[in-house]
Protein chains: 2
Amino acid sequence: MLSYSFHNKKGSALYEQLYSFIRNDIISGILPPKTRLPSKRSFAANLGISTITVENAYAQLLSEGYIFSIPKKGYYVSDIILADNSKEAVMKRAGGPEGAAGLSRTGPGYPGADAGSAPEGGSVFADFTSNQTRPENFPFSVWARIVRKVLTFHDKDLMTRSPGGGIYGLRRAIAGHLRQFRGINVAPEQIIVGAGTEYLYGLLIQLLGFDKSYAIENPGYEKIAMIYDSYQVKKHYIDMDHHGIRIDQLRDSGADVLHISPSHHFPTGIITPVSRRYKLLKWAGESDSRYIIEDDYDSEFRLLGKPIPAMQSIDHQQKVIYINTFSKTLSSTMRISYMVLPMELLKRFQAEMGFYSCTVPNFEQYSLMLFIDEGHFEKHINRTRKYYHKQRDHLLSAIKKSPLASEVTITEEDAGLHFLMKLNTDIPDDMVIRKAESLGIRLNCLSNYYVNAPEDAGHIFIINYSFIEPERIEEAVDRIYRCLT
Amino acid sequence: MLSYSFHNKKGSALYEQLYSFIRNDIISGILPPKTRLPSKRSFAANLGISTITVENAYAQLLSEGYIFSIPKKGYYVSDIILADNSKEAVMKRAGGPEGAAGLSRTGPGYPGADAGSAPEGGSVFADFTSNQTRPENFPFSVWARIVRKVLTFHDKDLMTRSPGGGIYGLRRAIAGHLRQFRGINVAPEQIIVGAGTEYLYGLLIQLLGFDKSYAIENPGYEKIAMIYDSYQVKKHYIDMDHHGIRIDQLRDSGADVLHISPSHHFPTGIITPVSRRYKLLKWAGESDSRYIIEDDYDSEFRLLGKPIPAMQSIDHQQKVIYINTFSKTLSSTMRISYMVLPMELLKRFQAEMGFYSCTVPNFEQYSLMLFIDEGHFEKHINRTRKYYHKQRDHLLSAIKKSPLASEVTITEEDAGLHFLMKLNTDIPDDMVIRKAESLGIRLNCLSNYYVNAPEDAGHIFIINYSFIEPERIEEAVDRIYRCLT
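Throughout, residues of each chain are indexed from 1 in the direction in which the sequence is written. Working convention: letters from A go to chains and numbers from 1 go to ligands, in the order in which they are written. Given that this is a predicted model, residues contribute local features only at a pLDDT of at least 70 and side-chain atom pairs are listed and counted only at 80 or more, while totals for whole chains, interfaces and linings are drawn from all residues. Only hydrogens and water are removed before side-chain values are computed, so all heavy atoms of the structure are retained for them.

Novice: Looking at this model, I keep getting lost on the overall build of chain A. Mind explaining?
Specialist: Labels follow the DSSP assignment, with helices taken as runs of H or I lasting at least four residues and strands as runs of E lasting at least two, numbered in each case from the N terminus. Across its full length, chain A holds 16 helices and 16 strands. The buried share among the 485 residues of chain A stands at 61%. The contacts of chain A with a sequence gap of at least 6 include a subset with a gap of at least 24, amounting to 71%. Per-residue and other accessible areas follow the Shrake-Rupley method at a 1.4 Å probe size, with only the shown protein chains counted as cover for residues. When the accessible surface of chain A is split by element, carbon and sulfur atoms take 51% of a total near 19200 Å². Whether a residue is buried, partly exposed or exposed follows from its accessible area with a 1.4 Å probe, protein chains only, as a fraction of its type maximum: under 20%, in between, or over 50%, in that order. Contact definition: two residues touch when any of their heavy atoms are within 4.5 Å.

Novice: So what exactly am I meant to see when it comes to the packing of helix H5 (residues 140-153) of chain B against helix H13 (residues 362-373) of chain B here?
Specialist: Packed helices, taken two at a time, are described by the angle their axes make and the gap between the axes. Residue and element names in this part refer to chain B. Axis geometry follows a simple rule: fit a line to the C-alpha atoms, using only the stretch in contact for helices, then measure angles between N-to-C directions, giving values from 0 to 180 degrees. Interhelical geometry of H5 versus H13 gives an angle of 120° and a closest axis separation of 9 Å. Considering the relative orientation of H5 and H13, their crossing is right-handed. Contact residues: H5 offers Val-142, Trp-143, Ile-146, Val-147, Lys-149, Val-150 and Leu-151, while H13 offers Phe-363, Tyr-366, Ser-367, Leu-368, Leu-370 and Phe-371. Each residue receives one of three labels: charged for Asp, Glu, Lys and Arg, nonpolar for Ala, Val, Leu, Ile, Met, Phe, Trp, Tyr, Cys and Pro, and polar for the others, Gly being one of them. For the contact of H5 with H13, the residue count by class is 11 nonpolar, 1 polar and 1 charged. The handedness criterion is simple: a crossing whose near helix is rotated anticlockwise from the far helix by less than a right angle is left-handed, and one whose near helix is rotated clockwise is right-handed.

Novice: Just to check I follow, could you spell out the pattern of salt bridges for this structure?
Specialist: One side-chain nitrogen of Lys or Arg within 4 Å of one carboxyl oxygen of Asp or Glu is enough to make a salt bridge. A full pass over the atoms with the stated rule returns 42 salt bridges over all chains. Two residues, Arg-482 of chain A and Asp-478 of chain A, come together in a salt bridge whose shortest N-O distance is 3.8 Å. Taken together, the residues span about one helical turn, with Arg-482 of chain A and Asp-478 of chain A both in helix H16 (residues 473-483) at a distance of 4 residues. Residue classification places Arg-482 of chain A among the partly exposed positions, given a relative accessible area of 35%. We classify Asp-478 of chain A as partly exposed; its relative accessible area is 32%. Where Asp-393 of chain B meets Arg-392 of chain B, a salt bridge forms, and the shortest distance between an N and an O atom there is 2.9 Å. For Asp-393 of chain B, a relative accessible area of 35% puts it in the partly exposed group. Each of Arg-251, Lys-282, Glu-286 and Arg-290 of chain A takes part in one network of salt bridges that share partners.

Novice: Would you mind going over the packing of aromatic side chains with me for this structure?
Specialist: Aromatic ring pairs are reported here in terms of the distance separating the ring centres and the angle at which the planes meet. Here a pair means two rings of Phe, Tyr or Trp (six-membered ring of Trp) with centres within 6.5 Å. Their orientation is stacked below 30 degrees between planes, edge-to-face above 60, and tilted elsewhere. Scanning the entire structure with this criterion turns up 40 aromatic pairs over all chains. Between Tyr-387 of chain A and Tyr-388 of chain A, the ring centres sit 5.3 Å apart and the planes meet at 80°, which makes this aromatic pair edge-to-face. Here the aromatic residues Phe-138, Phe-140, Trp-143, Tyr-322, Phe-326, Tyr-338, Phe-371 and Phe-377 of chain A are joined through ring pairs into a cluster of three or more. Charge over a ring is defined by NZ of Lys or CZ of Arg lying within 6 Å of the ring centre and within 35 degrees of the ring normal. The ring of Phe-467 of chain A carries the charged tip of Arg-134 of chain A above its face, separated from the ring centre by 4.8 Å. Over the face of the ring belonging to Tyr-291 of chain B we find Lys-319 of chain B, whose NZ or CZ atom lies 4.6 Å from the ring centre.

Novice: Mind showing me how you'd approach the domain arrangement of chain A here?
Specialist: Note: interface size is frequently given as the accessible area lost on complex formation between the parts. Where a domain begins and ends is set by an automatic assignment or by a domain database. Here chain A is partitioned into domain 1 (14-94), domain 2 (126-137 + 379-482) and domain 3 (153-374). Taking the mean C-alpha position of each, domain 1 of chain A and domain 3 of chain A sit 58 Å from one another.

Novice: Would you mind going over the pairing of strand E4 (residues 191-194) of chain B with me for this structure?
Specialist: On any regular strand, side chains alternate: one points to one face of the sheet, the next to the other face. Residues and elements named next belong to chain B. Here E4 shows two buried faces, one formed by Ile-191 and Val-193 and the other by Ile-192 and Gly-194. DSSP-based pairing: two strands are paired if at least 2 bridges between them are found. Judged from the 4 bridges that link them, E4 and strand E11 (residues 337-340) form a sheet pairing that is antiparallel. If you follow Ile-192 over to E11, its bridge partner there is Met-339.

Novice: What should I look at first to understand the pairing of E11 of chain B in this one?
Specialist: Residues and elements named next belong to chain B. Of the two faces of E11, both are covered, the one formed by Ser-337 and Met-339 as well as the one formed by Tyr-338 and Val-340. By the bridge criterion, 4 bridges tie strand E10 (residues 320-325) to E11 in an arrangement that is antiparallel. From the neighbouring strand, Asn-324 faces E11, where its bridge partner is Tyr-338.

Novice: I tried to follow the sheet that holds strand E9 (residues 291-295) of chain A on my own but got confused; where do I start?
Specialist: The strands making up a sheet associate through hydrogen bonds between their backbones, and the pairing can be parallel or antiparallel. All names here are of chain A. Judged by pairing direction, the sheet is mixed, and its 8 strands sit side by side in the order E4-E11-E10-E9-E8-E5-E6-E7 without closing on themselves. The outermost strands of the open sheet, each flanked by one partner alone, are strand E4 (191-194) and strand E7 (244-245). Of the strand pairs in this sheet, E9 and strand E10 (residues 320-325) are connected by 4 bridges, and their pairing is parallel. Bridging from a neighbouring strand, Ile-293 pairs with Ile-321 of E10.

Novice: Looking at this structure, how should I read H5 of chain B?
Specialist: Residues spaced three or four apart along an α-helix point in a common direction, a consequence of the helix completing one turn every 3.6 residues. By this rule, a helix spans an expected 1.5 Å times one less than how many residues it contains. Under the 1.5 Å per step criterion, the end-to-end length of H5 of chain B is 20 Å for 14 residues, consistent within 8% with the ideal 20 Å. Burial in H5 of chain B covers these residues: Val-142, Trp-143, Ala-144, Ile-146, Val-147, Val-150 and Leu-151 of chain B. Elements that come into contact with the buried residues of H5 of chain B comprise helix H5 (140-153) and helix H13 (362-373) of chain A together with helix H6 (155-158), H13 and helix H14 (376-401) of chain B.

Novice: Hey, could you run me through the sheet that holds E4 of chain B in this one?
Specialist: Residues and elements named next belong to chain B. Strand order in the open sheet formed by 8 strands is E4-E11-E10-E9-E8-E5-E6-E7, and the pairing between neighbours is mixed. In this open sheet, the two strands that pair with only one neighbour each are E4 and strand E7 (244-245). Docked against the sheet, helix H8 (residues 197-208) engages E4, strand E5 (213-218), strand E8 (257-260), strand E9 (291-295), E10 and E11, running at close to 160° with respect to E10.

Novice: Please explain the environment of Phe-419 of chain A as it appears in this structure.
Specialist: Residue and element names in this part refer to chain A. Considering the arrangement of structural elements, one finds Phe-419 in strand E13 (residues 418-423). Taking the C-alpha atoms as reference points, Phe-419 and Tyr-465, 46 residues apart in sequence, are found 8.2 Å from one another. In this structure Phe-419 touches Arg-392, Leu-395, Leu-396, Ile-399, Ile-410, Thr-411, Glu-412, Glu-413, Phe-461, Ile-462, Ile-463 and Tyr-465, once residues within four positions along its chain are discounted.

Novice: Sorry, what's going on with the side chain of Arg-277 of chain B here?
Specialist: Residues and elements named next belong to chain B. On the secondary structure map, Arg-277 appears in helix H11 (residues 274-285). Nearest to the buried, unbridged Arg-277 among oppositely charged side chains is Glu-294, at 4.3 Å. In this view, Arg-277 contacts Pro-262, Ser-263, Ile-271, Thr-272, Glu-294, Ile-308, Pro-309, Ala-310, Met-311 and Ile-314; residues no more than four positions away in its chain are not counted. In this charge count, Lys and Arg are treated as positive and Asp and Glu as negative; neither His nor the chain ends contribute.

Novice: Just checking my understanding: could you explain the environment of Asp-25 of chain A for this structure?
Specialist: Note on placement: Asp-25 of chain A falls in helix H1 (residues 13-28). Dropping the residues within four chain positions of it, Asp-25 of chain A is found in contact with Tyr-4, Ile-30 and Leu-31 of chain A.

Novice: How should I be thinking about the packing of helix H8 (residues 197-208) of chain A against helix H9 (residues 222-230) of chain A in this particular structure?
Specialist: All names here are of chain A. With their axes 10 Å apart at the nearest point, H8 and H9 run at an angle of 40° to one another. It follows from the interaxial angle that H8 and H9 lie oblique. Crossing angle aside, the handedness with which H8 passes H9 is right-handed. Of the residues in H9, those touching H8 at Glu-198, Tyr-201 and Ile-205 are Lys-223, Ile-224, Ile-227 and Tyr-228. When an angle is under 35 degrees it counts as roughly parallel; over 145 it counts as roughly antiparallel; between 65 and 115 it counts as roughly perpendicular; any other value is oblique.

Novice: Looking at this structure, how should I read a nonpolar patch on the surface?
Specialist: A contiguous nonpolar surface patch, about 210 Å² in accessible area, is contributed by Leu-62, Phe-68 and Ile-70 of chain A. One can find Phe-68 of chain A in strand E1 (residues 67-70). For patch building, the residue pool is restricted to those with more than 30% relative accessible area and no salt bridge; the joining distance is 9 Å between like charges and 5 Å between nonpolar side chains (Val, Leu, Ile, Met, Phe, Trp, Tyr).

Novice: In this structure, what is going on with H13 of chain B? I would like to understand it.
Specialist: Compared with an ideal rise of 1.5 Å per residue, which puts 12 residues at 16 Å, H13 of chain B spans 16 Å between its outermost C-alpha atoms and is within 8% of the ideal. Counted residue by residue, H13 of chain B has 11 buried out of 12 residues, so it is predominantly covered. When we look at burial in H13 of chain B, the residues that qualify are Asn-362, Phe-363, Glu-364, Gln-365, Tyr-366, Ser-367, Leu-368, Met-369, Leu-370, Phe-371 and Ile-372 of chain B. Here the buried face of H13 of chain B lies against H5 and H13 of chain A together with H5, H6, helix H7 (168-182) and H14 of chain B. Following H13 of chain B by one or two positions, Gly-375 of chain B adopts a phi angle in the positive range, close to 85°.

Novice: I tried to follow the confidence of the model for chain A on my own but got confused; where do I start?
Specialist: Low pLDDT means the predicted coordinates in that region are not meant to be read closely. Residues and elements named next belong to chain A. Each residue carries a pLDDT score, the predictor's own confidence in it, on a scale running from 0 to 100. Mean pLDDT over chain A works out to 85, with 88% of the residues at or above the 70 mark. Low pLDDT (under 50) marks residues 82-122, which in the prediction has 71 contacts with non-local residues, meaning those over four places away or in another chain. Scored as a complex, the prediction yields pTM 0.78 and ipTM 0.77.

Novice: Hey, could you run me through unusual backbone geometry in this one?
Specialist: Keep in mind that most residues, glycine aside, have a negative phi and that most peptide bonds are trans. All names here are of chain B. In this structure, the amide linkage connecting Asn-218 to the following residue, Pro-219, adopts the cis form with an omega of 5°. Here Pro-219 shows up in the loop between E5 and helix H9 (222-230). Look at the link from Phe-266 to Pro-267: it is a cis peptide, with omega at 5°. Along the chain, Pro-267 turns up in the loop between E8 and H11.

Novice: Just to check I follow, could you spell out the side chain of Ser-230 of chain A for this structure?
Specialist: Tracing the backbone shows Ser-230 of chain A in helix H9. The exposure class of Ser-230 of chain A is buried, given its relative accessible area of 9%. Here a polar contact is recorded for every N or O atom pair within 3.5 Å, except that within protein the pair must consist of a potential hydrogen donor and a potential acceptor, and residues adjacent in sequence are included only if both atoms are side-chain atoms. Within the structure, Ser-230 of chain A has its side chain in polar contact with the side chain of Gln-206 of chain B (distance 2.6 Å). Residues contacting Ser-230 of chain A, with those up to four places away along its chain left out, are Gln-206, Phe-210, Met-353, Phe-355 and Tyr-356 of chain B.

Novice: Could you clarify how one ought to interpret the environment of Val-147 of chain A in this entry?
Specialist: Position of Val-147 of chain A among the secondary structure elements: in helix H5. Taking the C-alpha atoms as reference points, Val-147 of chain A and Ser-367 of chain A, 220 residues apart in sequence, are found 5.9 Å from one another. The contacts of Val-147 of chain A, once residues within four sequence positions are left out, are Phe-363 and Ser-367 of chain A together with Val-147, Leu-151 and Phe-363 of chain B.

In structure tokens, the structure reads:
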């Protein structure tokens, strides 16, 4: 009869040891297929252990398929076919999960950290490419108070599955915000909450169709093109003039869906005037398959005048899908965005995609709901708008006072969080960027956002000022000046 | 000259009133295209308001495109083309955002609540179709303590953008858990954290290819088929025998990617034995385009013996993509799942899809990291496993004691959270389900999970016992019995 010696006859690990011994012998061939294993009782007596231990080991081997049983006859070794060179590997680890340590894959072969995880270099003094908001502007103590409130008053709600579009209370709060701040009048049901706009773009491709073609802005936010590519749908780059997307090119492209940010285009800052908006709506109305995705990513930060009314609010043909995010107004680490579906599309979404679970945790949903309902969101937007207004003025005044002033032209500075700075230089853009990098300044240029950049897009830099530490502004401006000399 | 009378000459709303008046007149045609507007100064004097107010109103009209300016000449009305029947609608709301209330879309037309948001009927006594966990099993006080700790010690981390795959600390914690509980030995970098498995399936389709075809289990979890359909990729239903997916059908299908839950199939409970696993790995190894998605959704709840080793742990060809979720072990409302990518796929993921932001908020990521690191997760799993073991035994013993005992056969009861109950009856499944519903019992049958259910799949019901309130078990069993009479 089989015999094994145990390391330690105490504790629950005993059956695991026995299981490993037998498993080893099966894999190595010591116990060939169809071998009959000893009966539980006699095996237990022989090894000096309890029948229960043998029973547990057999049960485990049975459930993993190493052995099979024939009723009233006993247990037999299975015929296991190992995949190419698996046999050797399995033998190595046959000591059980612990033995697997020897097969660790954390060798030099792995590709290191994520593309997105590169730590900020210690040498970066000012990053004008980052559109993140300053962590210290997040209303942390208010948020912490809200979080505690959610834990206390919504403990049961936290464990109750959210509807696919998000909890009703949050959608009601967002609808209220849209009514008050954007003149958008929609039912809470039309609002679909999701884990970031990137996720919502993907949902929209599924909803509108993989067979549709998508028109995007040139220049534009590069991630949008990447997402359409990742979904392998046809996309068209449409050039922009000073009023936004060019209608003639849009028509020529044959695109079905237009994805634009008419209220503050990134990176040019262009605001599409109302006449162009109506022309775009007219284009959309000409075919059932046409839709406009209105990406309203930073409308809350318009620094002068009232916010530009959303296209959604002048669309009476159910053609505009409005998208916005809390990444800019609160924090990009919160991953809450939403879209507003026209009624017809909403019905289709519920019928075809209503099975999707909401991707935002209940915790964030209830916290944000209370944050909006209690008026903190409105206060926060007003406070941060003032902060960015001041930050912009600080930066503009620092430029004015520096020798850089006579070398630059600033445009599109009235909408929020970034403006364009044209440098009076012949130095190629990439050289300016490298020179700046060597001085600890991160810059990006407009031409990088184009497919086939036109001549006049040269020497224009995008100045995101939201992430710059105020006390570094003067020095940062001075360093930019040094790039020209 | 134009003249308007203001409701109230005080406050910042003055320029908004002026803006609305002019905008109204432009849209209604009172001010036709190319009309020259009065100069700011004379207009202000005429209306008895400040020049700044007129300036602000003009600036707003300008930025929205209702007027345009010719330098040193003045401001002119734009030529606005309204889309079909927009003109009338715009006129209605031309009083400004407040006026828009009349256009509210919250009429009877909207399609009501989400598919997923239907409130649980007050008449449901016991729901055997829900695989949710009981809210009271969530370790709420520990979690609340962790949340407070995150607020205190990780306040800055909360505002720092997460790498695309998730924060390193959480991925390290998950890698440790996998090593300890599943014999899976991977680098934290191989782990990609995302907002639910549904989201991760979508990422995998983008990574593996829209041109690939996907094999799924028949019967199987219906959402998986729905997601492949929503992405419009080719899918094949593969029948199962008692050892899992049928290799012959898999080969015949020509599928590239196999999506299975080998350690505890839903709904049959089948555990794929190791011999079949090696055959599946062999199949995968035969072509570069082949992969296996191993969906390990409830392996933590195996009630007898050790957990079944994951296919990932015996795969030495980089062919298995392991997916798991915290929906079962913690709460489905937390939306945290993860996948483990083989090295080669990871490199491709980083190159082609590294631009995607992580969909899980930092807050949940840090909370879960601490929860695992401090040992609470392990304790929680052990505690809930015991709870479900007891719950299952309670239910089985209630069945045994009831007259139902002689009418049922129970199978697949050793893995977690559900088992199969075959009823000795000729009543069609849908009639049993309707009868049960009328008695406040929600049931679902195995045949509903099949495409073309075989004859012998009839009269088998899936008993999810995780969500049943213990004190209702006896009564629920009695009501099931009454469905047969």
